[in-house]
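Descriptive structure summary
Each chain, letter by letter, is given below.
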Amino acid sequence: MTSEELLEKLNEIRIQKCETRTLELKAAEKECPKRLYDTLSSFSNQDDGGTIIFGVDEDDNYNECGVYDPQEIQKRINEQCLQMEPVIRPLLTVAEKDGKAFVSAEIPGIDVSDRPCYYQGKGRLKGSYVRVGDSDEPMTEYEVYSYEAFRKKYQDDIRPVPRASFEMLDRSLLDEYIDRLKAEKRNISVLTDEEIYELMSITRKGEVTLSSVMLFCRYPQAFFPQLCITAVVLPGNEYGETGESGERFIDNRRIEGNIPEMLDQAIAFTRKNMKTKTIVNPDTGKREDRTEYPVAAIREAVLNALVHRDYSIYTEGMPIQIRMYPDRIEIKNPGGIYGRMQIDQLGKMQPDTRNPVLVTALEIMKITENRYSGIPTIRRCMKEHGLKEPVFSDERGSFTVTLYNDVHTEQEKTAFDCDLSRAEKDLLMFLDIPRSRQEIAEHLKIGTVPYAMSAYVNPMIKKGLIKMTIPERPQSQKQRFVAVKN
């Protein structure tokens, strides 16, 4: 950033008085902080990096105290950056305000294949950090492993299962799969079954693989008790709320079996516990039953969870979770987004595949298309059903799909009509299409962009009236804001 941009950032901090996921404040009035490595690591380990500003004392009501010596502090910052692995190359900026000097250090995010960035003095496992809100948190052992697994292309879906023998697989399921393979792949049809087993990773050096157990064993949970699905129906809109009689769950089931069986049982569970209403089709005039959620969307979400979950030893004790609330359904699987994919890119570009052998096998079995159409299908089905857009979230080693029903639609419309000021309604009309911060400030005829955000936009985001187009990167220069459609 330029000196002018640093001064503008100081003005924003003075108004907003907070750190963020991409902003860290340090006083440095007397000396350079000696322990920057946690923030250096966490900023480097996120796609959009982050900025450390020296000369603002968060503990003293964000007082602009300035730094003790701008030249010396830049030297100390660089020294600490050289102690990171890989080495960090910060972009340093100095600005003067009211006779005081301020320094910013922009820390670029490194490529996923080079993560985690860590402090050499503590090593990869103890010196790697991740940004959570405005805090730097030590990475879990699994988070460190997940980067290594991507970098080295580990295939946990075909790791051997020593306890499982070939005789424990259901031969009718396996033979059907082999017959499909031979029918579709001419070069494979000339091989013996034993050669096909090794070639297609049904076995590895004679040992049965995890994929084989999850696809062709009638009861995989004998080997992996938690590679299952836990499905619950809850009485309240928050986990832990109890019903009128003190019940914690309205329905509660542990879904087991191989992957095709678990998929079918999960769909049956959700269908059993969702409402169905009768509507009149405006095109045909006939009465039709409409489920609370589109079944096709639920199928894709559950299938994605089964196919793309993490199957490493670090997560084999974690089941997939289905939670049905009065206003929504959440489907959560262990293992966050794999590789370089970001939330806003889901369904728009080809992702890296965590479990390629498992995915290919399910394609042969006609259970999945393997054309990266799952997310677009979920979005399309929800739209055709007249429901809100699905919400996808990636949080520290887990991925969640949330589908909302229309239980609060009328209440939301009433609140929109009655509770909003004229200025808020006008802004929502303006945000019918995505707008930038500068466009919003100009529309409101406010000279200071940070004030427009803090006085109007941020409160309306909290009310659920406005949303960010890149919610996982709040400070992005490409960030736009748009009204939430009811």
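Residues numbered from 1 in each chain as written. Predicted model: local features only at pLDDT ≥ 70, side-chain atom pairs only at ≥ 80, totals over all residues. Heavy atoms only, no water.

A separate point is the overall build of the protein chain. If you tally the helices and strands in the protein chain, you get 16 helices and 22 strands. Overall, the protein chain is about 80 × 60 × 50 Å in size when its C-alpha atoms are taken along their principal axes. Residues counted as buried form 47% of the 486 residues belonging to the protein chain. The contacts of the protein chain with a sequence gap of at least 6 include a subset with a gap of at least 24, amounting to 66%. Put simply, the protein chain has 69 plus and 80 minus side-chain charges, and the middle of one group is 2 Å from the middle of the other. (Helix = DSSP H or I, 4+ residues; strand = E, 2+ residues; numbered from the N terminus. Buried < 20%, exposed > 50% of the residue type's maximum accessible area, 1.4 Å probe, protein only. Contact = heavy atoms within 4.5 Å. Lys, Arg positive; Asp, Glu negative; His and termini not counted. Charge placed at Lys NZ, Arg CZ, Asp CG, Glu CD.)

Turning our attention to helix α3 (residues 70-81). Taking 1.5 Å per residue, 12 residues should reach 16 Å; α3 reaches 17 Å between its end C-alpha atoms and fits that length. Close packing links the buried residues of α3 with α2 (37-44), β2 (50-54), β5 (84-85), β6 (91-97) and β7 (100-107). (Expected span 1.5 Å × (residues − 1).)

So, about the pattern of salt bridges. Throughout the structure, instances matching the rule amount to 31 salt bridges. Across the pair Lys 26 and Glu 24 runs a salt bridge, and its minimum N-O distance is 3.4 Å. Owing to a relative accessible area of 8%, Glu 24 belongs among the buried residues under this scheme. A salt bridge links Lys 463 to Glu 424, with the nearest nitrogen and oxygen atoms 3.1 Å apart. Separated by 39 residues along the polypeptide, Lys 463 in the loop between α16 (449-462) and β21 (466-468) and Glu 424 in helix α14 (residues 422-430) bring together distant segments of the chain. (Salt bridge = Lys/Arg side-chain N within 4 Å of Asp/Glu carboxyl O.)

Attention now moves to the confidence of the model for the protein chain. Caution applies to low-pLDDT regions: their predicted coordinates should not be interpreted in detail. Mean pLDDT over the protein chain: 91, with 97% of residues reaching 70 or higher. Note on residues 410-416: pLDDT is under 50 here. Beyond four places in sequence and across chains, it has 7 contacts. (pLDDT = per-residue confidence, 0-100.)

Strand order in the open sheet made by the 4 strands is β1-β2-β7-β6, with mixed pairing throughout. Only two strands of the sheet have a single neighbouring strand rather than two, namely β1 (23-26) and β6. Here the strands of the sheet are splayed against their neighbours by 20 degrees on average, with no regard to which way each runs. Judged from the 5 bridges that link them, β2 and β7 form a sheet pairing that is antiparallel. Looking at the pairing, Gly 50 lines up with Ile 107 of β7. Contacting β1, β2 and β7, α2 runs over the sheet at an angle of about 150 degrees to β2. Strands β2, β6 and β7 of the sheet are contacted by α3, whose axis makes an angle of about 20 degrees with β7. (Pairing = 2+ DSSP bridges. Axes fitted to C-alpha atoms, helices over the stretch in contact; angles between N-to-C directions.)

This next bit is on the layout of surface pockets. In this structure, the second largest pocket encloses a volume near 1,300 Å³. Lining of the second largest pocket is provided by 38 residues; of these, Lys 9, Arg 437, Pro 474, Gln 475 and Ser 476 occupy positions nearest its centre. When contributions to the lining of the second largest pocket are tallied by element, the ones reaching two or more residues are α1 (3-16), β2, β7, α15 (437-444) and α16. Examining the composition of the lining of the second largest pocket, we find that 7 residues originate from one element, α16, more than from any other. (1 Å grid on protein atoms, 1.4 Å probe; cavity = no way out; pocket = protein on both sides within 12 Å on 5 of 7 lines; lining within 4 Å. Points joined across faces, edges and corners; volume = space filled by probe spheres on them.)

Checked against the element boundaries, Val 357 lands in helix α11 (residues 356-364). Classification of Val 357 by relative accessible area gives buried; the value is 18%. Sequence separation of Val 357 and Gln 155 is 202 residues, and the distance between their C-alpha atoms is 8.3 Å. Those residues in contact with Val 357 that sit more than four places away from it in its chain are Gln 155, Asp 157, Ile 158, Met 200, Ser 201 and Ser 211.

For the rest of this paragraph, the subject is the state of the cysteines. In a disulfide, the sulfur atoms of two cysteines are covalently bonded to one another. A full pass over the atoms with the stated rule returns 0 disulfides. Left without a disulfide partner, Cys 117 is nearest to the cysteine sulfur of Cys 81, which lies 8.7 Å away. (Disulfide = S-S within 2.5 Å.)

All right, on to the pairing of β1 then. What you see with β1 is no split at all: Leu 23 and Leu 25 on one side and Glu 24 and Lys 26 on the other are buried throughout. The pairing of β1 with β2 spans 4 bridges and is parallel. Within β2, the position partnered with Leu 25 by the bridge is Ile 53.

Right, let's get into a negative patch on the surface. Together, Glu 29, Glu 58, Asp 59, Asp 60 and Asp 134 make up a negatively charged patch on the protein surface. Given a relative accessible area of 45%, Glu 29 falls into the partly exposed group. (Patch = residues over 30% accessible without salt bridge, like charges linked within 9 Å, V, L, I, M, F, W, Y side chains within 5 Å. Areas by Shrake-Rupley, 256 points an atom, 1.4 Å probe, with all protein chains shown as cover.)

Overall, mixed pairing links the 6 strands, which are arranged β14-β13-β17-β18-β20-β19 in an open sheet. Single-partner strands in this sheet number two, and they are β14 (251-255) and β19 (391-395). This sheet shows a mean twist of 15 degrees between the axes of neighbouring strands, independent of strand direction. As judged from the 5 bridges shared by β19 and strand β20 (residues 398-404), these two strands associate in the antiparallel manner. Each residue of the ladder has a partner; that of Asp 394, found in β20, is Phe 399. Packed on one face of the sheet, helix α9 (residues 259-273) meets β13 (229-233), β14, β17 (320-324) and β18 (328-334) and runs near 170 degrees to β14.

The geometry of helix α10 (residues 295-308) relative to helix α12 (residues 374-384) is characterised by a closest axis approach of 8 Å and an angle of 155 degrees between their N-to-C directions. Taken as axis vectors, α10 and α12 run roughly antiparallel relative to one another. For the element pair α10 and α12, the recorded crossing hand is left-handed. Contacts from Ala 296, Ala 297, Glu 300, Ala 301 and Asn 304 in α10 reach Gly 374, Ile 375, Thr 377, Ile 378 and Cys 381 in α12. When its residues are assigned to classes, the contact of α10 with α12 shows 6 nonpolar, 3 polar and 1 charged. (Parallel < 35°, antiparallel > 145°, perpendicular 65-115°, else oblique. Left-handed = near helix turned anticlockwise from the far one by under 90°. Nonpolar A, V, L, I, M, F, W, Y, C, P; charged D, E, K, R; others polar.)

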